[in-house]
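What follows is the residue order along each chain.
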Number of protein chains: 2
Amino acid sequence: MAPAESKTLTARPLTREAFAPFGDVLDIGGDPPKPMNGDRALRYHALAEAQVSGSDARVIVSIAVSKPVSGLVEIAMVERHPLGSQVFMPLDDGGLLVVVCPDEGGRPGRPEAFIAIWGQGVNYRANVWHGVLAPIERQQSYLIVDRDGPGVNLEEHVFEAPWFVRVS
Amino acid sequence: MAPAESKTLTARPLTREAFAPFGDVLDIGGDPPKPMNGDRALRYHALAEAQVSGSDARVIVSIAVSKPVSGLVEIAMVERHPLGSQVFMPLDDGGLLVVVCPDEGGRPGRPEAFIAIWGQGVNYRANVWHGVLAPIERQQSYLIVDRDGPGVNLEEHVFEAPWFVRVS
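Residues numbered from 1 in each chain as written. Chains lettered and ligands numbered in written order. Predicted model: local features only at pLDDT ≥ 70, side-chain atom pairs only at ≥ 80, totals over all residues. Heavy atoms only, no water.

**Section: the overall build of chain A**
Reasoning step 1: Summing up its helical and strand segments, chain A has one helix and 17 strands in all.
Reasoning step 2: At 17 Å, chain A has a C-alpha radius of gyration in line with the 15 Å of a compact globule built from 168 residues.
Reasoning step 3: Principal-axis analysis of the C-alpha atoms gives chain A an extent of 60 × 40 × 30 Å.
Reasoning step 4: Per-residue burial over chain A gives 50% buried out of 168 residues.
Reasoning step 5: Taken as a whole, chain A presents about 7,600 Å² of accessible surface, with 52% of it coming from carbon and sulfur. (Helix = DSSP H or I, 4+ residues; strand = E, 2+ residues; numbered from the N terminus. Rg over C-alpha atoms; globule rule 2.2 N^0.38 Å. Buried < 20%, exposed > 50% of the residue type's maximum accessible area, 1.4 Å probe, protein only. Areas by Shrake-Rupley, 256 points an atom, 1.4 Å probe, with all protein chains shown as cover.)

**Notes on the relation of the copies chain A and chain B**
Reasoning step 1: Turning chain A through 180° and shifting it by 0.0 Å along the axis lays it on chain B, with an RMSD of 0.0 Å. The operation mapping one copy onto its partner corresponds to a two-fold rotation axis. Residue A:Leu91, judged by its C-alpha, is the member of chain A lying nearest the rotation axis, at 2.6 Å.
Reasoning step 2: Counting the interface residues of chain A, we find that 100% of their copies in chain B are interface residues as well, pointing to one common contact surface. (Least-squares fit on C-alpha atoms with pLDDT ≥ 70 in both. Contact = heavy atoms within 4.5 Å.)

**Thoughts on the sheet that holds strand E4 (residues 34–36) of chain A**
Reasoning step 1: Taken in spatial order, the seven strands make up an open sheet running E4(A)-E5(A)-E6(B)-E16(B)-E8(B)-E13(B)-E3(B), and their pairing is antiparallel. Here the strands that pair on one side only, and so sit at the sheet edges, are E4 of chain A together with strand E3 (23–26) of chain B. The average angle at which neighbouring strand axes cross in this sheet is 25°, direction not considered.
Reasoning step 2: Summarising the sheet, E3(B) and strand E13 (residues 121–124) of chain B pair through four bridges and their orientation is antiparallel. Each bridged residue has a counterpart across the sheet, and for B:Leu26 the counterpart in E13(B) is B:Gly121. (Pairing = 2+ DSSP bridges. Axes fitted to C-alpha atoms, helices over the stretch in contact; angles between N-to-C directions.)

**Quick notes on the side chain of B:Ser66**
Reasoning step 1: Structurally, the position occupied by B:Ser66 is in strand E6 (residues 58–66).
Reasoning step 2: You can call B:Ser66 buried: its relative accessible area is 1%.
Reasoning step 3: When residues no more than four places from it in sequence are discounted, the contact partners of B:Ser66 are A:Arg40, A:Ala41, B:Leu133, B:Pro135, B:Gln139, B:Gln140 and B:Tyr142.

**So, the pairing of strand E5 (residues 41–50) of chain B**
For a regular strand, the rule is simple: side chains alternate between the two faces of the sheet.
Reasoning step 1: Here strand E6 (residues 58–66) of chain A pairs with E5(B) via seven bridges, running antiparallel. The residue bridging A:Val65 from the neighbouring strand is B:Leu42, located in E5(B).
Reasoning step 2: Here strand E4 (residues 34–36) of chain B pairs with E5(B) via three bridges, running antiparallel. Paired with B:Met36 across the bridge in E5(B) is B:Ala41.
Reasoning step 3: Where E4(B) hands over to E5(B), the hairpin turn is made up of four residues, of which B:Asn37 adopts a positive phi near 50°.

Keep in mind that these numbers describe shape and distance, not what the molecule does.
Below, the structure written as structure tokens:
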């Protein structure tokens, strides 16, 4: 059975403007770069800031490898991290489904879906509701920049009824 | 004229063991991963830590695009950053020449050269002498995780006579 229209999301291209309420877009489409290493390289500077809080918090760099999604994708839950931002930068080709929600009194509101294309990553600001990794049609690896340290840095919310978005 | 043998370096594969004096290797070849997002993803956790010092310092995420090197590469200078570590993670295919030097009384000692293959990045610890970005044979993009903030965070050293390393 097809999901109710009211529970179906339409994915949009990932742009700085549309994603601004939730975090940063990591790509070379923003401000012009600065020269680096003399004239050998160009640097697209400070696309995001890693922000962590809590005592003994540190910024760590990890790699993740995720299974793909395809077709009509069910969004059953979202999560957020009160104590730190979180970068996901794809390390290989393919599209990435990015789902985020505005916060409405401590609970996620209606989700918004974006498609990141090859060369685009995201930085979720601390406490922004977001879906799990969802590369489209093929496995993808990511560089992650996030927080490590003591404290409860994970909140999950399972929707009463799941949302759906078609990605392929 | 070929460079003097005494000034010629031999590049080695990039391994955790060999690179340990200088920083971290970012790849999936180390400790086993942990499950993430249920069983949908695997996380190679905390491969590196971004360490910054100085007041008002922040950890930022940038992208750089670098011209390639090829053939016999001249290493005329190295640099270091006293106030912060620096991650370079390739975002597309190709090899990367990584040159680092031990410190000898505030000056760089004999350089060591490594070749990072596709899927490998590096984190230079603060104050480690290193060469500029040097992708082999083809342009490469990088995700950079490093420091932004006030203070002098760059020291450069030009060698009296350059070093050389053959990469292709």
